[in-house]
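Notes for the structure review
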Amino acid sequence: MPKIIDFSAPEDEFESILDMEDEMEFQPAPELDMPFSKKLLDELNTVGFKVFVEYYKDFSDPDSDEAYIMQLMSAKETYEESVCQEKIAAAKSIIAQGLGREALQIILCSNKVDSKTVQLAEILLQEE
């Protein structure tokens with residue numbers, strides 16, 4: 001059971017709780033059937049959960065190069081070219097490591113995404 005932070009606690013106690021959070025080890029969500037690394041989560045955050053799901057098939061397709069995916073993203077997104085490159089590189093890295101399935105599981109367990117993205121992630125996970 002997570003510790004409940006009492007915001008009416010003395011200020012020094014609250015600061016010690018915040019300091020503890022910085023020292024805590026990353027723990028995977030218990031709903032996941034496999035542990036995943038902080039590196040995977042960092043890469044997934046770089047891509048963006050919604051972007052990872054929306055372009056998953058393109059990221060996974062070995063015939064889809066960076067220029068092609070950038071063209072797709074530019075038509076729908078307002079990211080600068082350098083941001084697109086960073087997102088594509090992180091997504092391709094996740095896929096190349098064979099962690100696409102785990103990334104989709106993380107997205108399913110997240111409260112950071114809308115229901116449409118969750119539904120698409122479920123479909124993609126079933127297809128994996």
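Residues numbered from 1 in each chain as written. Predicted model: local features only at pLDDT ≥ 70, side-chain atom pairs only at ≥ 80, totals over all residues. Heavy atoms only, no water.

1. Considering the nonpolar core
Leu-44, Val-47, Phe-52, Phe-59, Leu-104 and Ile-107 are the most contacted members of the largest nonpolar core, which totals 29 residues. Only α2 (38-47), α3 (49-54), α4 (56-60), α5 (66-76), α6 (81-96), α7 (100-109) and α8 (115-127) provide two or more residues apiece to this core. Residue contributions to this core peak at six residues, all from α6. If we skip the residues at most four places from it in the chain, Val-47 touches Phe-52, Phe-59, Lys-87, Ala-90, Ala-91 and Ile-94. (Core = buried A, V, L, I, M, F, W, Y, C linked by side-chain atoms within 4.5 Å. Buried < 20%, exposed > 50% of the residue type's maximum accessible area, 1.4 Å probe, protein only. Helix = DSSP H or I, 4+ residues; strand = E, 2+ residues; numbered from the N terminus. Contact = heavy atoms within 4.5 Å.)

2. Some details on α7
With respect to burial, α7 is a largely interior element, seven of its ten residues being buried. Residues of α7 that are buried include every one of Gly-100, Glu-102, Ala-103, Leu-104, Gln-105, Ile-106 and Ile-107, and no others. At its buried positions, α7 is contacted by α2, α3, α4, α6 and α8.

3. Focus: the environment of Met-70
Along the chain, the position of Met-70 falls in helix α5. The class of Met-70 is buried, set by a relative accessible area of 13%. It is 7.8 Å that separates the C-alpha atoms of Met-70 and Ile-88, two residues lying 18 residues apart in sequence. When sequence neighbours within four positions are dropped, the list of residues in contact with Met-70 reads Glu-81, Cys-84, Gln-85 and Ile-88.

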